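Letter by letter, the chains look like this.
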Amino acid sequence: MSSTEHDVGGAEPQTDWESIQGSPEFTDLRRRLRVFVFPMTALFLLWYLLYVLLADYAHGFMSTKLVGNINVGLVFGLLQFVSTFVITGLYVRYANRKLDPVADRIRAEIEGEPRK
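These figures come from a predicted structure and were not determined experimentally.

Participant: Can you help me understand the overall build of the protein in this one?
Facilitator: The secondary structure content of the protein amounts to 4 helices and 2 strands. In the protein, the succession of α and β elements from N to C terminus is α-α-α-β-β-α. Accessible surface computed for the protein: about 9,200 Å², of which carbon and sulfur atoms make up 64%.

Participant: Please explain helix α4 (residues 72-111) as it appears in this structure.
Facilitator: Three or four residues apart is the spacing at which side chains of an α-helix point the same way, because the helix has 3.6 residues per turn. The axis of α4 is deflected most strongly, by about 50°, at Ala 95. Where α4 is buried, its residues contact α1 (17-21), α2 (24-57), α3 (59-62), β1 (65-67) and β2 (70-71). You can read the cap of α4 off the contacts: a side-chain oxygen lies 3.2 Å from the backbone nitrogen of Gly 73, and it is on Asn 71.

Participant: How should the pattern of salt bridges be read in this particular structure?
Facilitator: Where side chains of opposite charge bring their charged atoms close, a pairing between them can arise. Taken as a whole and assessed by the stated rule, the structure comprises 3 salt bridges. The salt bridge involving Arg 107 is made with Glu 111; its shortest N-O contact spans 3.1 Å. Taken together, the positions of Arg 107 and Glu 111, both in helix α4 and 4 residues apart, correspond to about one turn of that helix. By relative accessible area, which is 37% here, Arg 107 ends up partly exposed. Linked through salt bridges whose partners overlap, the residues forming this network are Asp 28, Arg 31 and Arg 32.

Participant: Help me out: how do you make sense of the packing of α2 against α4 in this one?
Facilitator: To characterise two packed helices, one gives the angle between the axes of the helices and the distance between these axes. Between α2 and α4, the shortest axis-to-axis distance is 10 Å and the interhelical angle comes to 180°. By the angle between their directions, the pair α2 and α4 is classed as roughly antiparallel. Taken together, the residues of the contact of α2 with α4 break down into 21 nonpolar, 5 polar and 4 charged.

Participant: How should I be thinking about α2 in this particular structure?
Facilitator: Between its terminal C-alpha atoms α2 stretches 48 Å, which fits the 50 Å expected from 34 residues at 1.5 Å a residue. Listed as buried for α2 are Leu 29, Phe 36, Met 40 and Leu 54. Close packing links the buried residues of α2 with α3 and α4.

Participant: Is there a simple way to think about the packing of aromatic side chains in this case?
Facilitator: Given two aromatic rings, their pairing is described by the distance between the two centres and the angle made by the two planes. Following the criterion strictly, the structure yields 4 aromatic pairs and no others. Aromatic side chains Phe 36 and Tyr 94 sit 5.0 Å apart centroid to centroid with 25° between the ring planes, which places their arrangement in the stacked category. With a gap of 58 residues between them, Phe 36 in helix α2 and Tyr 94 in helix α4 connect regions that are remote in the sequence. Feature note: the residues Phe 36, Tyr 91 and Tyr 94 constitute an aromatic cluster, connected by ring pairs.

Participant: Can you walk me through the UniProt feature "transmembrane region" (unreviewed entry) in the protein in this structure?
Facilitator: Within this structure's numbering, the places UniProt gives as "transmembrane region" (unreviewed entry) are residues 35-54 and 74-92. Secondary structure content for residues 74-92 is 100% helix and 0% strand, and the end C-alpha separation is 28 Å.

Rules and cut-offs
Residues numbered from 1 in each chain as written. Predicted model: local features only at pLDDT ≥ 70, side-chain atom pairs only at ≥ 80, totals over all residues. Heavy atoms only, no water. Helix = DSSP H or I, 4+ residues; strand = E, 2+ residues; numbered from the N terminus. Areas by Shrake-Rupley, 256 points an atom, 1.4 Å probe, with all protein chains shown as cover. Bend = angle between axes of the 7 residues up to and from the residue. Contact = heavy atoms within 4.5 Å. Polar contact = N/O pair within 3.5 Å; in protein donor to acceptor, adjacent residues only side chain to side chain. Salt bridge = Lys/Arg side-chain N within 4 Å of Asp/Glu carboxyl O. Buried < 20%, exposed > 50% of the residue type's maximum accessible area, 1.4 Å probe, protein only. Axes fitted to C-alpha atoms, helices over the stretch in contact; angles between N-to-C directions. Parallel < 35°, antiparallel > 145°, perpendicular 65-115°, else oblique. Nonpolar A, V, L, I, M, F, W, Y, C, P; charged D, E, K, R; others polar. Expected span 1.5 Å × (residues − 1). Phe/Tyr/Trp six-rings, centres within 6.5 Å; stacked < 30°, edge-to-face > 60°. UniProt positions renumbered as here; feature names shortened; annotations may be inferred.

Spelled out as structure tokens, the structure:
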């Protein structure tokens, strides 16, 4: 038997993914994810849209010099990158505190590990 073939008689029991997906723990995990992702996505898209609209319609404001050749448009453009890193950091922190413990409990239950 090749390494890609499986012994059907010794196969592990199938996991009932539909019942897991419908479980209260999984529903809570999805809710916790949405509580962070949807508002943060809306906030970032509004911030990005503001930048694009200002760049297109507020030339005078965006070209206002702040220090030397650095203008408001350049600062806003760089802040787009900064906000991306900040959102990533916030998500990692949120996931570590609110999502990962629930996901770990679900995984342990699926894999049959004893609860801690």
